[in-house]
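# Structure assessment
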Amino acid sequence: MAQIIDGKAISAQIKEECKEKVAALKAEGKSIALAVIQVGNDPASSVYVRNKKRACEYIGIESISYELPEETTQEELLALIGQLNEREDCNGILVQLPLPKQIDEDTVIRAIDPKKDVDGFHPQSVGALCIGQPGFLSCTPAGIIQLLKRSGISIEGKECVVIGRSNIVGKPMAILLLRENGTVTVTHSRTKDLKEVCKRADILVVAIGKPKMITREYVKEGAVVIDVGIHRLEGNKLCGDVDFEDVEPVCSAITPVPGGVGPMTIAMLMNNCVESLSLS
Ligand code: NDP
C-alpha cells in the first residue's frame, strides 16, 4: 500500500513553525502585516481570501483587508498597490487572482514591490528563482518540495516529470526540482507520447487541470505521485488530476485530494509573509 502524503499534517507543522517565529519577532517589538486585496466577489476567490485571512489570524500576522467592487479600474488598483508598497507597516501584498477583465493581471503583478511579493509571481521573484538568488518562491511548488522533504522522499538524482508548464505551478516546480538536484522533464499538451515520458518518472508531479486524467498507465511501479489538480465533482466531492483509486495501488507514495497539495499553498504563503521581514 502506498504512503499517503499528509498535506494537512505537514501544513499544520509549517503553520506552527511560522506562529513561533512570529511570536519571537513580536517579542523583539516587530510587527508583521499582509495586505489582502480582492476585486469583485467571485465565490471561489472569497473562500480563498477568507482562508488566507484565517491563517494570518492564527499565526499572528495582521491582515489589512481590501474588498474592492467588481468595476474597480486598473488605475485605482495600481494606486492602492503603490500606497501599500510605500507603507512600512505592510510587509506583504497579495492580490487575489483572477481579476475582472478590465484589469491586466501582468501589469498588477509587476506593480507589486518584489520585496512584498509574497505570492512569488513578480518577474523579479521568478528570475531570482531561476538563478538561485534569494526571493519569494511560488507557494504551491514550494509547498510540494516541503511535502516531499518532510515525508522523507529524496529528490536528488531522481527522474522527475512535471505535467504542465503554467507560470504558477509547472515552470517554478521544474526549477525547484532542478535546484534539489532532480533530473527534470517538463511535459505539456504538445508532448508526444505522454504516457511513456511519465512512466520514466520516479517523482511525477501532475498539474494539468483535467479531472482524474492520470491513470496507472502513466505511472511507473513504485513512483511517487504528487497531484496538484483540484476539481469539484457532482455532489460536491473533490478530486484531483490523478485517478487516485487506480494509481494508489501501483505507486510508493501519493498525495490525496483533498488533504494533499491544497493545504500547503496557504502554509507556504504564511511562510513567505514571515520571510518578508528578512527581505524588507
Ligand atoms: P493551467 O491550465 O494554467 O496549465 C495546465 C497545463 O497542463 C498546461 O501547461 C497545459 O499544456 C497542460 N496540459 C493540458 N492538457 C494536457 C494534456 N492533455 N496533456 C499534457 N499536458 C496538458 O493550470 P495550472 O497550472 O494553473 O493548474 C493545474 C491544476 O492545478 C488545476 O487543476 C488547478 O486547479 C490546480 N491548482 C491547485 C493549486 C493548489 O493549491 N492545490 C494551486 C494552483 C493550481 P499547454 O501549456 O501546452 O497548454
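The coordinates are above.
These figures come from a predicted structure and were not determined experimentally.

Here the focus is the packing of helix H1 (residues 7-27) against helix H6 (residues 139-150). Interhelical geometry of H1 versus H6 gives an angle of 105° and a closest axis separation of 10 Å. Accordingly, the angle class assigned to the pair H1 and H6 is roughly perpendicular. For the pair H1 and H6, contact is made by Gly7, Ile10, Gln13, Ile14 and Glu17 and by Gln146, Leu147 and Arg150, respectively. Here the residues of the contact of H1 with H6 are counted per class, giving three nonpolar, three polar and two charged.

Turning our eyes to something else, we now look at helix H3 (residues 74-86). With 13 residues, H3 ought to run about 18 Å at 1.5 Å a step, and its terminal C-alpha atoms sit 19 Å apart, in line with that. All of the buried residues along H3 are Gln74, Leu77, Leu80, Ile81, Leu84 and Asn85. What you see down the axis of H3 is that its buried residues fit within an arc of 140°, all on one side. Residues of H3 that are exposed and point more than 90 degrees away from the buried face comprise Glu75, Gln83 and Glu86. In this fold, the buried residues of H3 make contact with strand E2 (33-39), strand E3 (62-68), strand E4 (92-95) and helix H4 (105-111).

This part covers H1. Along an α-helix, residues three or four positions apart point the same way, because every turn accommodates 3.6 residues. Helix length check: H1 (21 residues) gives 30 Å between terminal C-alpha atoms against 30 Å at 1.5 Å per residue, within 8%. Turning to H1, its buried residues number three or more, namely Gly7, Ile10, Ser11, Ile14, Cys18, Val22 and Leu25. Down the axis of H1, the smallest arc covering the buried residues is 115°, so these residues share one side. Residues Lys8, Glu20 and Ala27 are exposed on H1 and point more than 90 degrees away from its buried face. The backbone nitrogen of Lys8 lies 3.2 Å from a side-chain oxygen of the residue at the head of H1, namely Asp6. One or two residues past the end of H1 sits Gly29, with phi positive at roughly 85°.

The subject of this paragraph is the sheet that holds E3. What links the strands of a sheet is backbone hydrogen bonding, and the strands pair in either a parallel or an antiparallel sense. Read across the open sheet, the three strands follow the order E3-E2-E4; overall the sheet is parallel. Edge positions in the sheet fall to E3 and E4, since each of these pairs with one other strand and no more. For this sheet the average axis-to-axis angle between neighbouring strands, irrespective of direction, equals 15°. Strand direction decides the pairing type here: E2 and E3, joined by seven bridges, are parallel. Bridging across to E3, Val39 finds its partner in Leu68. Sheet strands touched by helix H2 (residues 43-59): E2, E3 and E4. Its angle to E2, the strand with the most contacts, is close to 170°. Contacting E2, E3 and E4, H3 crosses the sheet at an angle of about 180° to E2.

Procedures and definitions
- Throughout this document, residue positions are counted from 1 along each chain, in the order its sequence is written.
- Where totals are concerned, whole chains, interfaces and linings use all residues; where local detail is concerned, this predicted model gives features only for residues with pLDDT of at least 70, and gives and counts side-chain atom pairs only at 80 or more.
- The side-chain numbers reported here are obtained from all heavy atoms of the structure, hydrogens and water having been left aside.
- Angles here are taken between N-to-C directions and fall from 0 to 180 degrees, while the axes themselves are lines fitted to C-alpha atoms, restricted in helices to the stretch in contact.
- Secondary structure counts use DSSP, requiring at least four H or I residues in a row for a helix and at least two E residues in a row for a strand, with both numbered from the N terminus.
- By definition in this entry, angles of less than 35 degrees are roughly parallel, angles greater than 145 are roughly antiparallel, angles of 65 to 115 are roughly perpendicular, and the rest are oblique.
- By definition, residues are in contact when any of their heavy atoms lie within 4.5 Å.
- All amino acids are sorted into three groups, where Ala, Val, Leu, Ile, Met, Phe, Trp, Tyr, Cys and Pro are nonpolar, Asp, Glu, Lys and Arg are charged, and the leftover types, Gly among them, are polar.
- Expected helix span is taken as 1.5 Å per residue step, with the number of steps being one fewer than the number of residues.
- Note on classification: 1.4 Å probe, protein chains only; a residue is buried when its accessible area is under 20% of the maximum for its type, exposed when over 50%, partly exposed between these limits.
- When we speak of the arc, we mean the arc of directions from the helix axis to the C-beta atoms.
- The definition of a polar contact used here is a pair of N or O atoms within 3.5 Å, where within protein one atom must be able to donate a hydrogen and the other to accept one, and adjacent residues in sequence count solely through side-chain atom pairs.
- Whether two strands pair depends on DSSP finding at least two bridges between them.

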